[in-house]
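Below, each chain spelled out in residue letters.
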Amino acid sequence: MEEKERWLRAARQLSREEAQRRAEQLRKEIAYHDYRYYVLDAPVISDAEYDRLMLELQAIEEVFPELVTPNSPTQRVGGAPREGFPTVRHLVPMLSLANAFDVSDLYDFDRRVKEALPGEKVEYVVEPKIDGLAVSLLYRRGEFVQGATRGDGEVGEDVTPNLRTIRSIPLYLLQDAPDLIEVRGEAFMSKEAFAKLNERREEAGEPPFANPRNAAAGSIRQLDPKVTAGRKLDFFAYAVAHYEGISFTTHWEVLEWLSRQGFRVNQHRLFSTIEQVVEHIQGWQSRRFELPYAIDGMVVKVNSLDQQERLGSTMKSPRWAVAYKFPPEEAVTKLRRIEVSVGRTGVLTPVAVFDPVQIAGTTVSRATLHNEDMIRERDIRVGDYIVVHKAGDVIPEVVRSLPERRTGEEQVFHMPTHCPVCGAKTVREEGEVALRCPNISCPARLKESLYHFASRNAMDIRGLGKVLVEQLVDRGLVRSVADIYYLTEAQLLSLNRMGPKSVANLLREIEESKNRELHRLLFGLGIRHVGERAAKLLVERFGSLDRLAQATEEELTAIPEIGPKIAASVRNFFNEPRNLEVIERLRQAGLSLESRVPAMGQGPLAGKTFVLTGALKSLTREEAKAIIERLGGRVASSVSQRTDYVVVGENPGSKYDRARELGVPLLDEEAFRQLLERVQKGS
Ligand code: IVH
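Residues numbered from 1 in each chain as written. Predicted model: local features only at pLDDT ≥ 70, side-chain atom pairs only at ≥ 80, totals over all residues. Heavy atoms only, no water.

Details of the packing of helix α13 (residues 443–453) against helix α14 (residues 466–474)
The angle between the axes and the distance between the axes are what describe a pair of packed helices.
Then comes step 1: Where α13 meets α14, the axes come as close as 10 Å, and the angle between the chain directions of the two elements is 140 degrees. One finds that α13 runs oblique with respect to α14. In terms of crossing hand, the pair formed by α13 and α14 is right-handed. Side by side, α13 and α14 meet where P443, L446, K447, L450 and Y451 of the first sit next to K466, V469, E470, V473 and D474 of the second.
Then comes step 2: Of the residues belonging to the contact of α13 with α14, the class tally is six nonpolar, no polar and four charged. (Axes fitted to C-alpha atoms, helices over the stretch in contact; angles between N-to-C directions. Helix = DSSP H or I, 4+ residues; strand = E, 2+ residues; numbered from the N terminus. Parallel < 35°, antiparallel > 145°, perpendicular 65-115°, else oblique. Left-handed = near helix turned anticlockwise from the far one by under 90°. Contact = heavy atoms within 4.5 Å. Nonpolar A, V, L, I, M, F, W, Y, C, P; charged D, E, K, R; others polar.)

See the structure below:
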């Protein structure tokens, strides 16, 4: 915060021209470091230095808001949501690729190419085929101006603000750029991001994405680019379509150019015979699972652009390229049993346990079956032979059963009527497929809650892993997350594998976790539907757990991005006396349930004095005051020369007249909201 204030002060010393020049310079510099970090994985400055550049730029943009450009790196967090996507016609149609399913298809492809180019030497470039979403990016004089999905190939959707949130898409090309160039490539999600996203969706009771392609598409086709920004997408460039003021002779040259301009370009190899191509592709068959993202094949392209042009395209696909598809990795195995696990929100999840099989590079023996409906739809019975694969090469899944191999011994599975852990009668909430254990003290739920509470993005208590949580719950030492803060040295020493040193470490970590930011504590409490982002928004808006506990559903849904589902769940949580007790015990243990109010003279509104008059529609006076104070500002009760802003609601009183007399800037509710949004973004 202090540093931010310094930059703000420095920015205020600049003339508009100086500010503009410095902002442009900073944007270029940041673009370069984004490239080093997100594309090359080889940063040349520390995170702190990077943050400093960003802070300086944010400060300049805050002081000179008219200098903010849509392509400023400060805007990567996602702009305002849209009503729907406008459509755009591609300058050059986006075709798809013809498929090759085996080696003979590759030889056929080579034969067709050679027949169309009699006597000519043909070189091929081979690159991985990523399982993502094709997008087209338009750069005018080196600046990213528009991006679109493939759509039907002729007309796509303009998703520019969403694409701006992807860090490996350069907002500016790094080198001297042509007047116009359209870059094509694949937006995709890494296996890790895909698995995490699906995990979160399941926890929230939302259907998981079937594969990284759908996940990428679902993330880009979001009306709210902030959602896209939270989805960890990545981008590989693989072609240029329309271009003016530049020329290329080979595909290889295009890839090298893209790479020099700051795009991530996937590994590519050049071959002069189809035999070499085949050998190379076969080598990738098993190696592909080592990649951090899923690929579903290899693309073979004629290298010479002149030859490409002469080969031309059919209606659907170019004749100069082919996609070799890897056979899907599936395995047949025997389903031994279906176990039921209980998650932290009480959801009962059936898990298939089968004879271990090798798929996509690892041995698997378990796969979630999601819910009873899915088991019924896929007609899966205990004892069945089943087909197993990995969604996105990471998440094991039962594709189908093989009824033809049944002996008659197989058992139809039913979800238990009682929680397998605590025995409480299970319930199904209206409109939901999931079955739940309603007992909040159920040891299974408790274990999961504790584990979540201690997890990295919540309270980050490193030493508190699964094994320890098991023991703490099974021995009755911990009955709620608050109990963690009351554990004694003697209690911990009595546990298996806990010596004096590990106990001391754990106690220190528990103590340190008391200082975590409030949004992490809120996230850690594991309120249904309240993920990290919602937790942040709620803390930003209410500033303390006590105020949040008092919030009505209307006040909650007034926050953009907080829908009725989250609001109802927050209300339910705070309506439950047992939860309030937990919060009380956390308070008594010394945890701060207030968001840290910046000290005097700090925060983005530091030094600013506000006066409130009239009724605001979306906030009470108290709430508005709390927000201003949290951002470092001050709220005074009367207007004077020193008042910076008067916020005017409905039926304002005499303060309004006084402000007009003195010429103090007036903000209506909307302008006030915008001001808050602006400074919060910068903070
Ligand atoms: S070239 C004219 N190269 O595969 C063909 N496509 O069905 C332009 N894809 O829609 C595509 N990796 O989404 C090309 N290295 C790569 C690719 C690739 C993935 C996707 C792309 C395209 C689909 C083809």
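What about the sheet that holds strand β11 (residues 321–325)?
Then comes step 1: Read from one edge of the open sheet, five strands run β2-β11-β10-β3-β9, paired in mixed fashion. Every other strand in the sheet has two partners, leaving β2 (99–100) and β9 (269–271) as the edge strands with one partner each.
Then comes step 2: Note: β2 against β11, two bridges, orientation parallel. In the sheet register, N99 faces β11, and the bridge partner there is A323.
Then comes step 3: Sheet strands touched by helix α9 (residues 251–260): β3 (124–130), β9 and β10 (295–302). Its angle to β3, the strand with the most contacts, is close to 50 degrees.
Then comes step 4: Strand contacts of helix α10 (residues 274–287): β3, β9, β10 and β11, with the helix running at about 165 degrees to β10, the strand carrying the most contacts. (Pairing = 2+ DSSP bridges.)

Re the pattern of salt bridges
Then comes step 1: On inspection of all chains with the given rule, the structure shows 38 salt bridges.
Then comes step 2: One salt bridge connects E123 with K121, and the closest N-O pair in it is separated by 3.9 Å.
Then comes step 3: One network of salt bridges, with partners in common, ties together D379, R381, D384 and R406. (Salt bridge = Lys/Arg side-chain N within 4 Å of Asp/Glu carboxyl O.)

Observations concerning the nonpolar core
Then comes step 1: Residues I461, Y485 and L538 are the most contacted members of the largest nonpolar core, which totals 55 residues.
Then comes step 2: For this core, the secondary-structure elements that each account for two or more residues are α13, α14, α16 (500–513), α17 (518–524), α18 (532–542), α19 (545–550), α21 (564–575) and α22 (577–588).
Then comes step 3: With six residues, the top contributor of residues to this core is α18.
Then comes step 4: Ranked by size, the runner-up nonpolar core spans 39 residues in total, among them I169, F194, F209 and I220. (Core = buried A, V, L, I, M, F, W, Y, C linked by side-chain atoms within 4.5 Å. Buried < 20%, exposed > 50% of the residue type's maximum accessible area, 1.4 Å probe, protein only.)

Regarding α22
Then comes step 1: Over its 12 residues, α22 extends 16 Å from the first C-alpha to the last, a length consistent with the 16 Å expected when each residue adds 1.5 Å.
Then comes step 2: Of all the residues in α22, the buried ones are N579, V582, I583 and L586. Axial view of α22: buried residues confined to an arc of 95 degrees, hence all on one face. Seen from the open side of α22, the exposed residues pointing more than 90 degrees away from its buried face are P577, E581 and Q588.
Then comes step 3: Residues of α22 that are buried make contact with α13, α17, α19 and α21.
Then comes step 4: Positioned one or two residues after α22, G590 has a phi angle of 105 degrees, which is positive. (Expected span 1.5 Å × (residues − 1). Arc of directions from axis to C-beta.)

Some details on the environment of R376
Then comes step 1: If you trace the backbone, R376 turns up in helix α12 (residues 372–377).
Then comes step 2: In contact with R376, other than residues within four places in its own chain, are F413 and H414.

Some remarks on the packing of aromatic side chains
Then comes step 1: Overall, the coordinates contain 15 aromatic pairs when judged by the stated rule.
Then comes step 2: Ring pairing ties together the aromatic residues Y139, F144, F235 and F263, which thus form one cluster.
Then comes step 3: Seen from the ring of F209, R201 lies directly overhead, with NZ or CZ sitting 4.2 Å from the centre.
Then comes step 4: Sitting over the face of the ring of F542, R541 holds its NZ or CZ atom 4.5 Å from the ring centroid. (Phe/Tyr/Trp six-rings, centres within 6.5 Å; stacked < 30°, edge-to-face > 60°. Lys NZ or Arg CZ within 6 Å of the ring centre and 35° of its normal.)

A word on the pairing of strand β7 (residues 180–189)
Then comes step 1: By the criterion of burial, β7 is predominantly enclosed, with 10 of the 10 residues buried.
Then comes step 2: The pairing of strand β4 (residues 133–140) with β7 spans eight bridges and is classified as antiparallel. Across the sheet, the residue bridging to S136 is R184, located in β7.
Then comes step 3: One ladder, built from nine bridges, connects β7 with strand β8 (residues 233–244); its direction is antiparallel. The residue bridging V183 from the neighbouring strand is V240, located in β8.

Some points on empty space enclosed by the protein
Then comes step 1: Following the criterion strictly, the structure yields two cavities of 30 Å³ or more and no others.
Then comes step 2: Counted as a void, the largest cavity has a volume near 70 Å³.
Then comes step 3: Around the largest cavity sit 13 residues that line it, and A31, D34, Y35, P170 and G262 are the ones nearest its centre.
Then comes step 4: Along the lines of polarity and charge, the residues of the lining of the largest cavity split into eight nonpolar, two polar and three charged.
Then comes step 5: There is about 30 Å³ of room inside the second largest cavity.
Then comes step 6: As for the second largest cavity, its lining consists of L518, L522, L538, V539, F542, G543, S544, L545 and L548. (1 Å grid on protein atoms, 1.4 Å probe; cavity = no way out; pocket = protein on both sides within 12 Å on 5 of 7 lines; lining within 4 Å. Points joined across faces, edges and corners; volume = space filled by probe spheres on them.)

Quick word on the sheet that holds β8
Then comes step 1: Strands sit in the order β5-β4-β7-β8 across an open sheet of four strands; the sheet is antiparallel. Taken across any chain shown, the strands that pair with only one partner, and hence form the sheet edges, are β5 (143–149) and β8. Geometrically, the sheet is characterised by an average inter-axis angle of 25 degrees between neighbouring strands, direction not taken into account.
Then comes step 2: Along the sheet, helix α7 (residues 212–220) contacts β4, β5, β7 and β8; its crossing angle with β7, the most-contacted strand, is approximately 120 degrees.
Then comes step 3: Relative to β8, α9 is tilted by about 120 degrees, and along the sheet it contacts β7 and β8.

What about the site of the ligand?
Then comes step 1: Taken together, 13 residues surround the ligand, and among them L97, E127, E186, Y238 and K301 come closest.
Then comes step 2: Within the side chain of K129, one N or O atom sits 3.3 Å away from an oxygen atom of the ligand.
Then comes step 3: Between a nitrogen atom of the ligand and a side-chain N or O atom of K301, the distance comes to 3.0 Å.
Then comes step 4: In the complex, the protein chains occlude 86% of the 520 Å² of accessible area that the ligand would expose alone.
Then comes step 5: When each cavity is represented as a set of grid points, the ligand is found to reside in the second largest pocket.
Then comes step 6: Elements that contribute at least two residues to the shell around the ligand include exactly β3 and β10.
Then comes step 7: For the shell around the ligand, the leading source of residues is β3, giving four residues.
Then comes step 8: In the shell around the ligand, the residues fall into eight nonpolar, one polar and four charged. (Near = heavy atom within 4 Å. Polar contact = N/O pair within 3.5 Å; in protein donor to acceptor, adjacent residues only side chain to side chain. Areas by Shrake-Rupley, 256 points an atom, 1.4 Å probe, with all protein chains shown as cover. Sits in = over half its atoms within 2 Å of the grid points.)

Description of the side chain of R520
Then comes step 1: Note on placement: R520 falls in helix α17.
Then comes step 2: Buried charge without a salt bridge: R520, with D460 as the nearest opposite-charge side chain at an N-O distance of 4.1 Å.
Then comes step 3: Within the local environment of R520, its side chain forms a polar contact with the backbone oxygen of R456, the two atoms lying 3.4 Å apart. (Lys, Arg positive; Asp, Glu negative; His and termini not counted.)

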